[in-house]
Structures are given as structure tokens and as C-alpha cells.
Amino acid sequence: MPADEPWLLMYHSVTGYTEDPYRITVTPDRLRRQLRWLAGRGLRGVGVAELLRERAAGRGSRLVGLTFDDGYTDFTENAVPLLREQGFTATVFVLPGQLGGDNAWDPLGPRKPLLTEDGIRAAAAAGMEIGSHGMFHVSLPEADGNTLRQETARSRELLQEITGRTVDGYCYAYGHVDARAVAAVRSAGYDYACAIDPGPLTGRFALPRIHVGDRDTSLRLTVKRLLHPVRRRAMPGEGSATPLAGAGR
């Protein structure tokens, strides 16, 4: 992988399951194997803010950005112990407007509980980066002006109150991003933002990521890593409004 291509992996839920219509779940055993695969290749998983800082200082060639969207309670229960087992950290993107709620935006599949304030603090205390996924998991290109401010600026304010730390990162719900959404995120004071697919807006405020699921064995991860630079150059239409099935919840 060329040095100028940051590799960001996108996870969601880490738990056992019987149904997973959006392919957002990996079992703890699969995550353990995937993290060991990274470590076995001399790679270290870190949060996105650390990845960007280290790359800017010329020290990030062996770092991989790990992200967990939606802020499910299974992040602290199942993912954090496995991350710490390898000496890794990650960014968890949470929804301060739905503390202790569930993934009501998903019409199909099981309800998954979301982190409470205490859960977010526990993740931060474990060395994980806390980022915003908005207030209520809203598609920003469809939002009116007030909703856009709530999803970006207000969510950041609330998370900083909860954690007592600066919140640097934002993650676009569903991977939906347009120029207006990017402008709102920058205006709210974030230092970076994560999208899903590459596109005309790709850059610090629309970082593309690779979806990782429960079917991703060592072979599939190897292929995804090799294809990452090609994917970055395959610039789809603005907005990435139709993310890969199951990859943008």
C-alpha cells in the first residue's frame, strides 16, 4: 500500500448474532482474528485522530485507522477488551441524541442498545477516541439548516461536555456527504470527518473507509488492502449517496 494512502477500517457492532440483514456485525472471535491479522503484519490499529497526527509527522506508515460506527454497547463490552489485547485503540462514533437508545433507524434486524453517557466515558477512559455520528443518525444532505447545526455543532458540544475532551472527528450517517455537509462539519470545529466511498469530496473531511464484516477472513482482508489504492482512484459520483449494501448504517 503506498505511503500516501491511509487505510481506515469501518466496523459497527461486535457480538454474536442470528440475523444481520445489513452486515454490520462481526463476532468477537472474528474481530480477534482480524486484529491478530493486522498485528501479524506489523500493523497497529489506532483512532483516526492519532493516525492523522502521526502521518503528518511522518510516522504513520504502519498505522491503520480503526472506526466503529453508531456506538453500540457491545463496543465497550466486546471490542475494547480485544483492542487492548493487541495494544490497539480505535475511534467510536456515537450519537449523543440517542444515549441508551437503540438503532431505530434500521427498519430490519434486531434492536441493538447504544452507549449511555457512562458507557461513552468508559470507552474514553480505556483510551478510545470519541467522535460524533450526529445526534440522531440523520442523512445530512437531506437535513434543513437547523437540523444540520444540531447534527454537527450541537452533537460535538454535548460529547465534549460528556467526555471533558475535545471531539475532533465526525462520521456521516449512512456515508451520505455533500459540499453543504462538509461545510457544516468544518464550521462546527471538527478536524476531520469519515465517509465511506471515495468521491469528488474525498479528503480530510470525507475520508473513505473499508467496510469490514464477519465474512472477512485473512485472505479477504489481504485482497481489500491490496485493492485500497485502486478503490481510492475509482471516484464515484458526489455524495456517495448509495453506499455498499450493509456498509453504511
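Sequence positions are assigned chain by chain, starting from 1 and proceeding in written order. The model is predicted, so local features are restricted to residues of pLDDT at least 70 and side-chain atom pairs to those at 80 or more, both for listing and for counting; the totals for chains, interfaces and linings are taken over all residues. Excluding hydrogens and water, the side-chain values take into account all heavy atoms of the structure.

1. Here's the deal with the packing of helix α5 (residues 145-163) against helix α6 (residues 179-187)
Inference 1: A fitted line through C-alpha atoms represents every axis, and for helices the fit uses only the stretch in contact; the resulting angles, taken between N-to-C directions, go from 0 to 180 degrees. Starting at the N terminus, helices and strands are each numbered in turn, a helix being any DSSP run of H or I of at least four residues and a strand any DSSP run of E of at least two. Between α5 and α6, whose axes approach to 9 Å, the crossing angle comes to 50°. Considered as vectors, α5 and α6 are oriented oblique to each other. When the axes of α5 and α6 are compared, the crossing they make is right-handed. Between α5, through G145, L148 and T152, and α6, the contact on the second element is made entirely by R180, A184 and V185. Orientation labels follow simple angle bins: below 35 degrees gives roughly parallel, above 145 gives roughly antiparallel, 65 to 115 gives roughly perpendicular, and whatever is left gives oblique. Should the near helix be turned anticlockwise from the far one by less than a right angle, the crossing is termed left-handed; should it be turned clockwise, right-handed. In this description, contact between two residues means that some pair of their heavy atoms is separated by no more than 4.5 Å.

2. Quick look at unusual backbone geometry
Inference 1: Positioned with a positive phi, D70 is a non-glycine residue whose angle comes to about 85°.
Inference 2: Within the secondary structure, D70 is located in the loop between β5 (63-69) and α3 (73-85).
Inference 3: At H137, a residue that is not glycine, the phi angle is positive and equals roughly 60°.
Inference 4: Its place among the elements puts H137 in the loop between β7 (129-132) and α5.

3. Re the environment of M10
Inference 1: Tracing the backbone shows M10 in strand β1 (residues 8-11).
Inference 2: Here the term buried applies to any residue with accessible area under 20% of the maximum for its type, exposed to any over 50%, and partly exposed to those in between, with areas from a 1.4 Å probe on protein chains only. The class for M10 is buried, based on a relative accessible area of 0%.
Inference 3: Distance from M10 to H211, taken between C-alpha atoms, is 4.8 Å for residues 201 residues apart in sequence.

4. A closer look at the environment of Y190
Inference 1: Looking at the secondary structure, you find Y190 in the loop between α6 and β9 (192-194).
Inference 2: Spatially, the C-alpha atom of Y190 lies 17 Å from that of T147, the residues being 43 residues apart in sequence.
Inference 3: Apart from the residues within four sequence positions on either side, Y190 is in contact with S132, T152, S155, R156, V167, D168, G169, Y170, V185 and F205.
Inference 4: Whenever two N or O atoms come within 3.5 Å, that pair is a polar contact, provided that in protein one can donate a hydrogen and the other can accept it, and provided that, for residues adjacent in sequence, both atoms are side-chain atoms. One polar contact links the side chain of Y190 to the main-chain carbonyl oxygen of T152, over a distance of 2.7 Å.

5. Description of the nonpolar core
Inference 1: Only buried residues count toward a nonpolar core, which is a set of Ala, Val, Leu, Ile, Met, Phe, Trp, Tyr and Cys residues joined through side-chain atoms within 4.5 Å. Formed by 50 residues in total, the largest nonpolar core has its most connected members in L38, L66, F68 and Y172.
Inference 2: Looking at this core, the elements with two or more residues in it are β1, α1 (28-40), β5, α3, β6 (91-94), α4 (117-125), α5 and α6.
Inference 3: Not counting the four nearest positions on each side in its chain, Y172 is found in contact with H133, L140, V177, A181, V182, V185, A193, C194, A195, F205 and A206.
Inference 4: Judged by nonpolar contacts, the second largest core, of twelve residues, contains L51, L63, Y192 and C194.

6. Quick notes on the pattern of salt bridges
Inference 1: A carboxyl oxygen of Asp or Glu within 4 Å of a side-chain nitrogen of Lys or Arg is what we treat as a salt bridge. Applying the stated criterion across every chain yields a total of twelve salt bridges.
Inference 2: A salt bridge links R121 to D118, with the shortest nitrogen-to-oxygen separation between them at 3.0 Å. Residue R121 and its partner D118 are located together in helix α4, separated by three residues, close to a single helical turn.
Inference 3: A relative accessible area of 36% means that R121 is categorised as partly exposed.
Inference 4: According to the relative accessible area criterion, D118 is exposed, its value standing at 56%.
Inference 5: Where K224 meets D216, a salt bridge forms, and the shortest distance between an N and an O atom there is 2.9 Å.
Inference 6: Through salt bridges with shared partners, a single network forms among R32, R36 and E85.

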